[in-house]
Amino acid sequence: MSVKLLNSKSKAYSGAMPDTKGLNFFEEDQNLSFILKHYLSTENYERALPHLKELGEIAGTQLDELSRMADKHTPELINYDAKGVRVDNVQYHPSYKEMESLGYGKFALVAMSHKPVLGFPTKLPHVLKYGFWYLFVQSEFGLACPMSMTDSAVRVLSKFGDQELKETYLSRMTSTDIDTLWTGAQFMTEKQGGSDVGANNVTARKVDDHWEIWGDKWFCSNVSADVALVLARPEGAPEGTKGLGMFLMPRKLPDGSLNNYRVNRLKDKFGTRDMASGEVTFEGAVAYVVGDITKGFKQMMSMVNSSRLSNAVRSSAMMRRSFLEALVSARGRVAFGSSLSEKPLMKETIFELLLDCEAAASITFYTASVYDKSDQGNRQEERLLRILTPLLKGYICKRARNSTSEGMEARGGNGYIEDWINSKLVRDAHVGSIWEGTTNIVALDVVRALVKDEAGEIFFYDLYNRLDGIINPLSKQIGKILMQISKKVEAQSKRIMKLNGPERDLPAKQLMNRMYHIFTSSLLLNEAEVQITVQENYRKLYMTLQYIYRYLLSSKLDELNYTDSSLLQWFDAIVDFDQVPESAVKGLLENVKQDVNI
């Protein structure tokens, strides 16, 4: 633990209201350093170190202040100028523009995935990239959305765009000069569609050397983007996702005039309030085909791995910030004659926050390392990435809601007041489970990865191989316990795969959570092995055993609740307060008796 936090502990006094202002978020996080050293070469870590320290300092001071200011001064849509000309200009508070200079410019958070920056001879590996994002988002979450979308748009355009599109847009979208930068977005969601993208009906018409887009998009984040990737259905194309094409639509045409679409209004959002999301009507907007027009949805989905991993990293960052705020607050505040951090239940609260955020960091950065190998053409790693990204997205983004709420409660009444950071963390954390697919959608995607992509084979092989490599005698004992648990979860996953339709869907979230916990436990155990070997420190082994006990053993890992599918039959009657027969209860009771061995 750093000197600053030790000082905050020793200076606890009655009436104190401590926060993290002035702390260096990188230097306070020894776990982040441990993980980065674990995955990076010594050369890359040492080259990145001064930049990480600088970002950590800025995140704990300037960036945090700018973020709070921008959150209170939300963007404004100016549809017309003084002369009545339609301009659809989104005006941001100067604090937001300053954050853009830090994110896109100074630390090159978008460019670093695509070209050399920050003194590196090549583009940065994903593990290191997300180390920077992890620090940045601990203070500013909203801007991370357009940065992530710009990053993803560049990736899609690099992979599928023709040479002319690449030459026209890529250099501007990866610029670290704010005056020349073009930001990106993806406009997919429509009123009738939502997660059911196949129901989209925005249309595309071929006109000479380009296409025209017609229709409405209901939820467009970073609505002021210079470039948007749009899913639209070419005239005559089939229904469903197979009929969707991907189009690049610039905000402005080559002559400098606005493209033919209107921003109708900005969304009044619960969180991410400093970033503009809006509703758009296309009225023949000029656009250009990206890649194969018959594979637009498939191409757009190619960015899902990066988007879901980015979402998980951002949620993990907010979990870390919530823990840090709770720790500093509890150590600095006196109640009932001693520091709050000395109270048993507060210790339990803070420990759970720490356990969750360290576990999330373990699996997100491991997945980033898998992403690096996948990008190098490793097919096995591609299959592993296919199942890890929905696992992370499904569990971590949901868990961040709990962590931020617990962090708010740990601070007490001040946590509920907008002067403090906690309410903003709670508001921002909720969107992670909605963006890029709700928890239900990604849980079903986990099952789809098991059934369609046969990803369970590589998932469990990777996990078992890691456990087989454990050497320390104490670690091996824990590894044997985890191996038994994992075998049971694997058997449960295979039984679920054999089910059909709705019966297979019902246990999807439970299975997703259990798969997350066993995989994360194996990673924590591997990190513990490293720490024991290098430092003769058993801290991470203690954390691992606590994690296994709390999330796997304490529930006794009973059969999944939905081995009984009667809910499918009686759902409507239950929610409508209609008649439910005695036979429904008798059938459920028999299953319960079997589960609890009565």
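All figures in this text were calculated on a predicted structure; none of them were measured in a lab.

K.L.:
Help me understand the overall build of the chain in this model?
P.N.:
Counting its regular elements, the chain contains 21 helices and 11 strands. For 598 residues, the compact-globule formula gives about 25 Å, and the C-alpha radius of gyration of the chain, at 25 Å, lands near that figure. Considering the chain as a whole, with its 598 residues, one finds that 55% of them fall into the buried category. In the chain, 74% of the contacts between residues at least 6 apart in sequence involve partners at least 24 apart. Roughly 26100 Å² of accessible area belongs to the chain as shown, and the carbon and sulfur atoms make up 52% of that amount. One finds the centroid of the 73 positive side-chain charges in the chain at a distance of 3 Å from the centroid of its 75 negative side-chain charges.

K.L.:
Looking at this structure, I do not really get the pattern of salt bridges. What am I missing?
P.N.:
Side chains that carry opposite charge are capable of pairing whenever their charged atoms lie near each other. Under the definition given, this model contains 35 salt bridges. Between Asp453 and Arg386 there is a salt bridge, with its nearest N and O atoms 3.1 Å apart. In this pair, Asp453 sits in the loop between α14 (439-451) and α15 (455-468) while Arg386 sits in helix α12 (residues 379-411), placing the two residues 67 residues apart along the sequence. Classification of Asp453 as partly exposed rests on a relative accessible area of 31%. A network of salt bridges, in which partner residues are shared, links Asp64, Arg68, Arg321, Glu325 and Arg411.

K.L.:
Got a minute to help me understand helix α19 (residues 539-553) in this structure?
P.N.:
Since one α-helical turn is 3.6 residues long, residues separated by three or four positions face the same way. Between its first and last C-alpha, α19 extends 20 Å over 15 residues, near the 21 Å set by a 1.5 Å rise per residue. Considered for burial, the residues of α19 that qualify are Lys540, Leu541, Met543, Thr544, Gln546, Tyr547, Ile548, Tyr551 and Leu552. Of the surrounding elements, those touching the buried residues of α19 are α2 (30-39), α11 (344-375), α12, α16 (473-498) and α18 (508-535).

K.L.:
Just to check I follow, could you spell out the packing of aromatic side chains for this structure?
P.N.:
To describe a pair of aromatic rings, you give the distance between the ring centres and the angle between the ring planes. Per the stated rule, a full pass over the model turns up 14 aromatic pairs. Ring geometry for Tyr366 and Phe519: centres 5.8 Å apart, planes at 55 degrees, overall tilted. A residue pair is termed long-range when its members are at least 10 positions apart, and Tyr366 in helix α11 and Phe519 in helix α18 qualify at 153 residues. A residue is classified by how much of its surface remains accessible, and Phe519, at 0% relative accessible area, is buried. Members of the aromatic cluster, joined through ring pairs, are Tyr39, Tyr366, Phe459, Phe460, Tyr464 and Phe519. The aromatic ring of Phe519 is capped on one face by Arg466, whose charged end is 4.8 Å from the ring centroid.

K.L.:
I'm lost on unusual backbone geometry in this one. Help?
P.N.:
It is generally the case that most residues other than glycine have a negative phi and that most peptide bonds are trans. Its identity as a non-glycine residue notwithstanding, Ala108 has a phi of 50 degrees, on the positive side. Residue position: Ala108 is located in the loop between α5 (94-106) and α6 (126-137). The backbone of Glu454 sits at a positive phi, close to 50 degrees, despite the residue not being glycine. Secondary-structure assignment places Glu454 in the loop between α14 and α15.

K.L.:
Help me out: how do you make sense of empty space enclosed by the protein in this one?
P.N.:
To locate leftover empty space, one rolls a probe as large as a water molecule over the atoms. Following the criterion strictly, the structure yields 2 cavities of 30 Å³ or more and no others. Roughly 50 Å³ of internal volume is contained in the largest cavity. Considering the residues around the largest cavity, the lining is formed by Arg68, Asp71, Lys72, Glu418, Trp420, Ile421, Lys424 and Arg427. Here the element with the most residues in the lining of the largest cavity is helix α4 (residues 62-72); it accounts for 3 residues.

K.L.:
What am I meant to see in the pairing of strand β5 (residues 210-221) here?
P.N.:
The two faces of the sheet receive side chains in turn, since in a regular strand these alternate between them. Of the strand pairs in this sheet, strand β4 (residues 203-207) and β5 are connected by 5 bridges, and their pairing is antiparallel. What sits directly across from Val207, in β5, is His210. Between β4 and the antiparallel strand that follows it, β5, lie 2 residues; Asp208 among them carries a positive phi value of about 55 degrees. Examined bridge by bridge, β5 and strand β9 (residues 277-289) share 9 bridges and lie antiparallel to one another. Its bridge partner lying in β9, Trp214 is registered against Glu283.

K.L.:
Explain the packing of helix α10 (residues 304-332) against α12 to me, please; I cannot follow it from the model alone.
P.N.:
Pairs of packed helices are described in terms of their axes, by the angle between the two and the distance that separates them. As a packed pair, α10 and α12 sit with axes 8 Å apart at the nearest point and diverge in direction by 25 degrees. Relative to α12, the element α10 is oriented roughly parallel. For the element pair α10 and α12, the recorded crossing hand is left-handed. Class assignment for the residues of the contact of α10 with α12 results in 12 nonpolar, 10 polar and 6 charged.

K.L.:
What's the story with the confidence of the model for the chain in this structure? I'm lost.
P.N.:
Should pLDDT be low for a region, the predicted coordinates there are not to be read in detail. In the predicted model, the chain carries a mean pLDDT of 92, and 93% of its residues have values of at least 70. Low pLDDT, under 50, characterises residues 1-10; the predicted model gives this stretch 20 contacts beyond four residues in sequence or across chains.

K.L.:
Could you clarify how one ought to interpret the pairing of strand β1 (residues 76-80) in this entry?
P.N.:
In this sheet, strand β2 (residues 86-91) lies alongside β1 in antiparallel orientation, the contact comprising 4 bridges. When the sheet's bridge partners are listed, Ile78 is paired in β2 with Asn89. Counted along the chain from β1 to the antiparallel partner β2, the turn is 5 residues long, and its residue Gly84 has a positive phi close to 85 degrees.

K.L.:
Looking at this model, I keep getting lost on the environment of Lys97. Mind explaining?
P.N.:
Within the secondary structure, Lys97 sits in helix α5. In this structure, the C-alpha to C-alpha distance between Lys97 and Leu143, residues 46 residues apart in sequence, is 9.9 Å.

K.L.:
Sorry if this is basic, but what is going on with the side chain of Ser493 here?
P.N.:
Structurally, Ser493 is set in helix α16. Leaving out residues up to four positions away in the same chain, Ser493 has contacts with Leu450, Phe460 and Leu511.

K.L.:
Before we go on, may I ask you to explain a nonpolar patch on the surface in this structure?
P.N.:
A cluster of nonpolar side chains, contributed by Ile481, Tyr549 and Leu553, occupies part of the molecular surface with about 280 Å² of accessible area. Residue position: Leu553 is located in helix α19. Judged by its relative accessible area of 37%, Leu553 falls in the partly exposed class.

K.L.:
Which parts of the structure should I look at to understand the layout of surface pockets?
P.N.:
Counted as a void, the second largest pocket has a volume near 880 Å³. If you trace the second largest pocket, you find 33 residues lining it, with Trp182, Asp226, Val227, Arg251 and Lys252 closest to the centre. Among the elements of the structure, β2, α5, α8 (163-173), β5 and β9 are those that each provide at least two residues to the lining of the second largest pocket. Take the lining of the second largest pocket: its biggest share by element is 5 residues, from α8. For the lining of the second largest pocket, the per-class residue count stands at 15 nonpolar, 7 polar and 11 charged.

K.L.:
What is the right way to read the nonpolar core from this model?
P.N.:
Most often, soluble globular proteins have nonpolar side chains that are buried together. By size, the foremost hydrophobic cluster in this structure holds 157 residues, and its most contacted members are Phe132, Ile213, Phe282 and Phe459. Broken down by element, the residue count for this core peaks at 16 residues, all from α11. Apart from the residues lying within four places of it in its own chain, the contact partners of Ile213 are Val202, Thr203, Ala204, Val230, Ala232, Phe247, Phe282, Glu283, Gly284, Ala285 and Ala287. Core analysis: the second largest hydrophobic core is formed by 19 residues, Val156, Met188, Leu244 and Met246 among them.

Thresholds, definitions, all that
- Residues numbered from 1 in each chain as written.
- Predicted model: local features only at pLDDT ≥ 70, side-chain atom pairs only at ≥ 80, totals over all residues.
- Heavy atoms only, no water.
- Helix = DSSP H or I, 4+ residues; strand = E, 2+ residues; numbered from the N terminus.
- Rg over C-alpha atoms; globule rule 2.2 N^0.38 Å.
- Buried < 20%, exposed > 50% of the residue type's maximum accessible area, 1.4 Å probe, protein only.
- Contact = heavy atoms within 4.5 Å.
- Areas by Shrake-Rupley, 256 points an atom, 1.4 Å probe, with all protein chains shown as cover.
- Lys, Arg positive; Asp, Glu negative; His and termini not counted.
- Charge placed at Lys NZ, Arg CZ, Asp CG, Glu CD.
- Salt bridge = Lys/Arg side-chain N within 4 Å of Asp/Glu carboxyl O.
- Expected span 1.5 Å × (residues − 1).
- Phe/Tyr/Trp six-rings, centres within 6.5 Å; stacked < 30°, edge-to-face > 60°.
- Lys NZ or Arg CZ within 6 Å of the ring centre and 35° of its normal.
- 1 Å grid on protein atoms, 1.4 Å probe; cavity = no way out; pocket = protein on both sides within 12 Å on 5 of 7 lines; lining within 4 Å.
- Points joined across faces, edges and corners; volume = space filled by probe spheres on them.
- Pairing = 2+ DSSP bridges.
- Axes fitted to C-alpha atoms, helices over the stretch in contact; angles between N-to-C directions.
- Parallel < 35°, antiparallel > 145°, perpendicular 65-115°, else oblique.
- Left-handed = near helix turned anticlockwise from the far one by under 90°.
- Nonpolar A, V, L, I, M, F, W, Y, C, P; charged D, E, K, R; others polar.
- pLDDT = per-residue confidence, 0-100.
- Patch = residues over 30% accessible without salt bridge, like charges linked within 9 Å, V, L, I, M, F, W, Y side chains within 5 Å.
- Core = buried A, V, L, I, M, F, W, Y, C linked by side-chain atoms within 4.5 Å.

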